[in-house]
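What follows is each chain in one-letter form.
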Amino acid sequence: IALVSGEEKRILSSAESLASAQNLNVVGSLEKPFTDRSLQNILRKAIALRPAKVPRADIVVSPEMLRSAIDAKQLVVYYQPKVEIKTGRFTAVESLVRWQHPDFGIIGPTAFIKVAEDYGMINDIAELVLQMAMEQGGQWYASGLQLKVAINLSLKNLIRLDFPEMCVKKAKAAKLPLTHVMFEITETSLMQDYVTCMEIL
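The text that follows walks through the structure, step by step, so that each part is easy to find. (Residues numbered from 1 in each chain as written. Predicted model: local features only at pLDDT ≥ 70, side-chain atom pairs only at ≥ 80, totals over all residues. Heavy atoms only, no water.)

Position of M182 relative to the elements: it lies in strand β7 (residues 181-185). Its relative accessible area of 29% is what places M182 among the partly exposed residues. For the pair M182 and A150, spaced 32 residues apart in sequence, the C-alpha to C-alpha distance is 4.4 Å. (Helix = DSSP H or I, 4+ residues; strand = E, 2+ residues; numbered from the N terminus. Buried < 20%, exposed > 50% of the residue type's maximum accessible area, 1.4 Å probe, protein only.)

Attention shifts here to a nonpolar patch on the surface. Together, F183, I185, Y194, V195, M198 and L201 make up an exposed nonpolar region whose accessible area comes to about 590 Å². At the level of elements, β7 and α7 (194-200) are the ones that each hand at least two residues to the nonpolar patch. Take the nonpolar patch: its biggest share by element is three residues, from α7. Residue position: L201 is located in the segment after α7. Note on L201: relative accessible area 58%, which makes it exposed. (Patch = residues over 30% accessible without salt bridge, like charges linked within 9 Å, V, L, I, M, F, W, Y side chains within 5 Å. Areas by Shrake-Rupley, 256 points an atom, 1.4 Å probe, with all protein chains shown as cover. Salt bridge = Lys/Arg side-chain N within 4 Å of Asp/Glu carboxyl O.)

Attention shifts here to the side chain of H101. If you trace the backbone, H101 turns up in strand β4 (residues 90-101). Here F104 takes part through its backbone nitrogen, which lies 3.2 Å from a polar atom of the side chain of H101. Aside from chain neighbours lying at most four places away, what touches H101 is M65 and I107. (Polar contact = N/O pair within 3.5 Å; in protein donor to acceptor, adjacent residues only side chain to side chain. Contact = heavy atoms within 4.5 Å.)

A word on the nonpolar core. With 39 residues, the main nonpolar core has L66, F112, M134 and I151 as its most contacted residues. Listing elements by their share of this core, those giving two or more residues are α3 (63-71), β3 (75-83), β4, α4 (113-118), α5 (122-142), β6 (148-153), α6 (163-174) and α7. With seven residues, α5 is the single largest residue contributor to this core. The residues contacting M134, other than those within four sequence positions of it, are I151, C167, K170, A171, A174, L176 and V181. (Core = buried A, V, L, I, M, F, W, Y, C linked by side-chain atoms within 4.5 Å.)

A word on the layout of surface pockets. Which parts of space are left empty comes out when a probe the size of a water molecule is rolled across the atoms. In this structure, the largest pocket occupies an estimated 360 Å³ of space. Lining the largest pocket are 19 residues; nearest its centre among them are V97, P109, I113, N152 and T186. Listed by contribution, the elements that provide at least two residues to the lining of the largest pocket are β4, α4, α5 and β6. Looking at side-chain class alone, the lining of the largest pocket contains ten nonpolar, seven polar and two charged residues. (1 Å grid on protein atoms, 1.4 Å probe; cavity = no way out; pocket = protein on both sides within 12 Å on 5 of 7 lines; lining within 4 Å. Points joined across faces, edges and corners; volume = space filled by probe spheres on them. Nonpolar A, V, L, I, M, F, W, Y, C, P; charged D, E, K, R; others polar.)

A separate point is α6. If you check α6, its first and last C-alpha atoms are 17 Å apart, about what twelve residues at 1.5 Å a residue would give, namely 16 Å. When α6 is considered as a whole, its buried residues turn out to be F163, M166, C167, K170, A171 and A174. The buried residues of α6 occupy one face: seen down the axis, they fall within an arc of 130°. Opposite its buried face, α6 presents the exposed residues E165, K169, K172 and A173, each directed more than 90 degrees away. Buried residues along α6 sit against α5, β6, β7 and α7. (Expected span 1.5 Å × (residues − 1). Arc of directions from axis to C-beta.)

So this is what it looks like as structure tokens:
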């Protein structure tokens with residue numbers, strides 16, 4: 001958005017702040033009458049700040065589509081930083097799975113995690129995410145970054161009896177200390193086998 005107005009700068013500045021607060025991408029403001037050059041400068045800024053791709057959740061995903069995506073390694077991991085409020089220091093990252101679809105772009109997890117849980121693919125996804133997140137965490141650790149890596153799990157991952165051993169194996173292969181690994185349990189499915197889930201945790 002480029003704001004154009006004949007009002008004074010203070011009004012323009014307030015409008016810009018309000019727009020930004022609503023998560024609108026404001027590239028600047030122009031006072032009337034504006035010149036060709038000032039308009040060109042704004043347009044250059046707009047081109048440089050092309051909108052980021054927002055993960056889509058409106059795609060109808062079939063089990064076959066998801067199976068193909070897993071096999072083709074189209075699932076990728078994004079990392080959201082966790083910050084200690086007192087110091088402003090990065091302490092950890094949360095690993096977020098996304099589907100990099102060749103036609104639809106980035107697809108968010110709400111479009112495919114339920115399908116994965118219902119059709120027995122959630123462990124495949126968890127294993128891929130664990131692999132990628134721990135490898136990245138190991139690289140950060142080797143470079144001196146003391147970041148903990150948080151990984152989201154479905155409750156359905158916690159009925160896999162070899163899950164703890166698999167996690168240890170992947171962390172060791174990535175040279176990431178287990179003290180730098182955290183799990184966050186999502187609530188997309190009901191806990192059906194409480195005893196097994198608690199034992200594995």
